[in-house]
Every structure is written in structure tokens, then in C-alpha cells.
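Spelled out from the first residue to the last, the chains are:
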Amino acid sequence: MSTYTAVHLAKRPKSRIVAGETFVTKTHPVPKESDLKDGEVLVQTIYLGLDPAMRGWLNDARSYVPPVQIGEVMRGSGIGVVKASKSPSFPIGTNVSTMAGWTELAIVKEKHLEKVEIPQNGKLTDALGVLGITGLTAYFGLIDIGQPKPGDFVVVSGAAGATGSVVGQIAKLKGCTVLGLAGTDAKCSWLVDDLGFDFALNYKAPNFAQMFRAATKGLIDIYFDNVGGEILDMALARAKPHARFVMCGGISQYNEPVQKGPKNYLVIVSMRIKMQGFIVFDYQDQYPQALRELAQWISEGKIKRKETIVKGGLKEAEQALIDLYKGMNTGKLMVEVTPESKA
Ligand code: NDP
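In short, a report on the structure.

Cut-offs and rules
- Residues numbered from 1 in each chain as written.
- Predicted model: local features only at pLDDT ≥ 70, side-chain atom pairs only at ≥ 80, totals over all residues.
- Heavy atoms only, no water.
- Buried < 20%, exposed > 50% of the residue type's maximum accessible area, 1.4 Å probe, protein only.
- Helix = DSSP H or I, 4+ residues; strand = E, 2+ residues; numbered from the N terminus.
- Pairing = 2+ DSSP bridges.
- Right-handed = clockwise from strand over helix to strand, strands pointing away.
- Axes fitted to C-alpha atoms, helices over the stretch in contact; angles between N-to-C directions.
- Parallel < 35°, antiparallel > 145°, perpendicular 65-115°, else oblique.
- Left-handed = near helix turned anticlockwise from the far one by under 90°.
- Contact = heavy atoms within 4.5 Å.
- Nonpolar A, V, L, I, M, F, W, Y, C, P; charged D, E, K, R; others polar.
- Polar contact = N/O pair within 3.5 Å; in protein donor to acceptor, adjacent residues only side chain to side chain.
- 1 Å grid on protein atoms, 1.4 Å probe; cavity = no way out; pocket = protein on both sides within 12 Å on 5 of 7 lines; lining within 4 Å.
- Points joined across faces, edges and corners; volume = space filled by probe spheres on them.
- Domains from an automatic or database assignment.

Here we look at the pairing of strand β14 (residues 307-310)
Side chains Thr308 and Val310 project from β14 onto a buried face, and the interleaved Glu307 and Ile309 project onto a face without burial. Summarising the sheet, β14 and strand β15 (residues 332-336) pair through four bridges and their orientation is parallel. Its bridge partner being in β15, Glu307 is matched across the sheet by Lys332. In this region the chain leaves β14, passes through helix α9 (residues 317-324) and returns to the parallel neighbour β15; the handedness of that crossover is right-handed.

Now the structure itself:
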């Protein structure tokens, strides 16, 4: 291989990502070993993780990370393998997770690499899912912000996604009763039959509002919000006094040119709700302890997971990201950039 491809930001979308316009694929010469400086490695991407938050990174706006600049390789987390190394800590053949972005190859400094540790009953892709950013987000959002207690009634939106599916399972491990909200009947069945959620509702069903009111008649202690929009309003209307609203994300609003806030916001006052946003990166110093516990739960079969893996290489990433907002995934969505057998 003398060249490799990477996907660069070409144009900031006004609302939705436009296929063939937002990103551009470019070919680059493969770096030579002599291009590596001490402490650097050449990483070949195996899996690229796709996250709803990526849409926000394309906006030229103040946020928790700087926007991706026009012309830059699109930001993204991935799992790869070290192909050349000037780091004794990361010899050739080491599996690593890194934020190399939408690229087949990247030179990465060792301080930006994590060795992938596969727990018992685990697999390589766990490093992007339960043992990656989304698993950690579920863990810290629920445990630190949600403060779950046995008997609490927890409602999770985006429940069949990478984050939501772990939130619900951790809530069960903490002795809570869990209602998950997802966009298809098949996802709802997976939540209840395979993951052990107590209830699940399809928010696209015509009678969803009525079913939601019935399912939450005991009122909500913790609402873990991945989607915002109308469902957040409905959850506010069913909050118990002193409920905790864990504000993790707002997928329903990411592609909207103007974001809509909750209409029912005065319930926050009348029900003394604690509504708190968080960014998982703030918990970095506690990742090792959380990863140990999550890995233990995987080993014991207490946390189950599914991935949606799009095959076909990096060229599939743009369409897969567009399809993420249409609910194409169950569990973590990733693109297979290089088949594991060929990496
Ligand atoms: P998911 O795996 O949950 O994928 C997104 C899912 O959202 C889709 O599968 C789809 O499923 C659902 N969805 C899409 N559009 C809508 C809509 N309009 N209304 C309701 N649901 C919709 O993604 P992640 O687990 O990666 O991310 C979940 C949330 O966590 C996001 O908001 C993300 O930004 C946030 N996040 C926050 C972090 C933090 O530090 N605060 C860190 C990481 C993620 P369905 O079929 O059910 O519609």
C-alpha cells in the first residue's frame, strides 16, 4: 500500500449533513517509518466509532471541544493496530484506541493512545462501546449525576443506542425499575427480552403519549436524556418532586438550524428538579476505576451489548453518520475501516 485515504470536512452543513458535500475523501502517501519522531506510532484504523455529537463538532460555535476546521480530517474515535513504532510502550501489533479521526492511517503521539485491554468474555469492539466513551458516559451520567437508589423509577431515552442501553442495565444493577424509549418495536423487544429493562416503549407509535403517561403514572425519579425535544417535555410533565434529570445529549435537536428548548420548563421549579448537563471528559481521572467495574460486568454477563458494524471501509462513514440520526443502529454504531483479519 503506497497511499491511504482520509475523510476531511469540506463544508459546514446548515442543518443536516449533505452526502457528497459536507465531507471530501482525499488520498495521501503512506508515511515512512523515518517520518515518525520519538514517542510516535503509525496506527492503522480497524473500527471507527460514529457518535451523534459529531454533527455539533461541524458547527462553528463555542462548545466543549473546538469545531473541526474546514480541510481537517474529521474527528472521531477508533480502534486500530500499531503498524510502525518509535514508542517502547506501544510496539508493532499493539491494539490501541485513539482519536485519530476518519482516516485509514495516522501518526499518533503515545500520550494520545490507550492500549486495548479485552476482558474475559469481551471483544475488541468493546473498546468503542461499553469500555469506550459511550459506556463511560452511561456510567458517570447515571451514577454521578443521577444518583440512583434501589426502587427508583428510571426513564432512558435513546435507550437502544450505545449509551442508553448501558444506562438501563446499570440502573437495573443498582436496583431501579427501568423504562426505555426507542424508535422501533424490535429495539424495544431487545431492551426487555435481552437486556432486562422492565418496560420499553416505541416513541414513534401513534399512541405513544398515552402509553407514556400510563407507564409513568408512578412518576419519574431519574430521567436520562439522550434526545431532548418533545420527549423531554413529556418526561418533565411526569417528574417526581426532587427528580434528577441527567442531560446527556439532545439527538432530536442536533440537525435543527434552531434548537427548541423544553416548553414545560417551569416544572423544574414546581417539582424542585435537579437538571444537570455533563461532559464525560470531566471524569477522566476516574476512568480506570469505572473501566474496571464495566469490564467486570461484561465478564460476569451482567452487561450485554450489540453493535451495528457497517462494512465497506471509510467511504461508508458519511452515509452511516447520516443514517445514525435515522436510527439505523442498535447499540454502538461503527464502521469497519479495515477488516480485523487484514489489519
Ligand atoms: P446512539 O447509539 O444512541 O445513536 C443514536 C440513536 O438516537 C439512534 O439510534 C436513534 O434510535 C436515536 N434517535 C435519532 N434521532 C432521534 C430523535 N429525533 N428522537 C429520538 N431518538 C432519536 O448514540 P450514542 O449512544 O453515541 O449517543 C447518545 C447520546 O449521548 C447523544 O445525545 C450523544 O450526543 C450523547 N453523548 C453525550 C456525552 C457527554 O459527555 N455528555 C458523551 C457521548 C455521547 P431510535 O431508533 O431509538 O430513534
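Alright, that's what it looks like, and here's the rest.
Re the packing of helix α2 (residues 133-146) against helix α3 (residues 162-173)
One way to put it is that α2 packs onto α3 with a least axis distance of 8 Å and a crossing angle of 45°. The orientation of α2 relative to α3 falls into the category oblique. Considering only the axes of α2 and α3, their crossing is right-handed. In contact with Thr134, Gly135, Thr137, Ala138, Tyr139, Leu142 and Ile143 of α2, α3 contributes Ala162, Thr163, Val166, Val167, Ile170 and Ala171. Broken down by class, the residue content of the contact of α2 with α3 amounts to nine nonpolar, four polar and no charged.

With respect to the side chain of Ser157
Tracing the sequence through the fold places Ser157 in the loop between β8 (153-156) and α3. There is a polar contact of 3.2 Å between the side chain of Ser157 and the side chain of Tyr223. In contact with Ser157, other than residues within four places in its own chain, are Leu181, Tyr223, Phe224, Asp225, Asn226, Val227 and Ile231.

A word on the sheet that holds β8
Strand order across the open sheet formed by six strands is β10-β9-β8-β11-β12-β13, with parallel pairing between neighbours. Each having just a single partner strand, β10 (199-202) and β13 (274-277) make up the two edges of the open sheet. Between one strand axis and the next, the sheet turns by 15° as a mean value, whatever way the strands run. Each of β8, β11 (220-225), β12 (239-247) and β13 touches α2; the most contacted strand, β11, lies at about 145° to it. Helix α5 (residues 208-215) contacts β8, β9 (177-182), β10 and β11 of the sheet and is inclined by roughly 160° relative to β10.

Some thoughts on the layout of surface pockets
Space inside the second largest pocket adds up to approximately 1,100 Å³. In terms of lining residues, the second largest pocket is bounded by 37 residues, among which Ser97, Thr98, Glu114, Ile133 and Tyr287 are the most central. With five residues, the single largest contributor to the lining of the second largest pocket is helix α8 (residues 287-299). Grouping the amino acids of the lining of the second largest pocket by side-chain chemistry returns 20 nonpolar, eight polar and nine charged. Counting the residues that make up the lining of the second largest pocket, at least three belong to each of domain 1 (3-128 + 305-342) and domain 2 (133-281).

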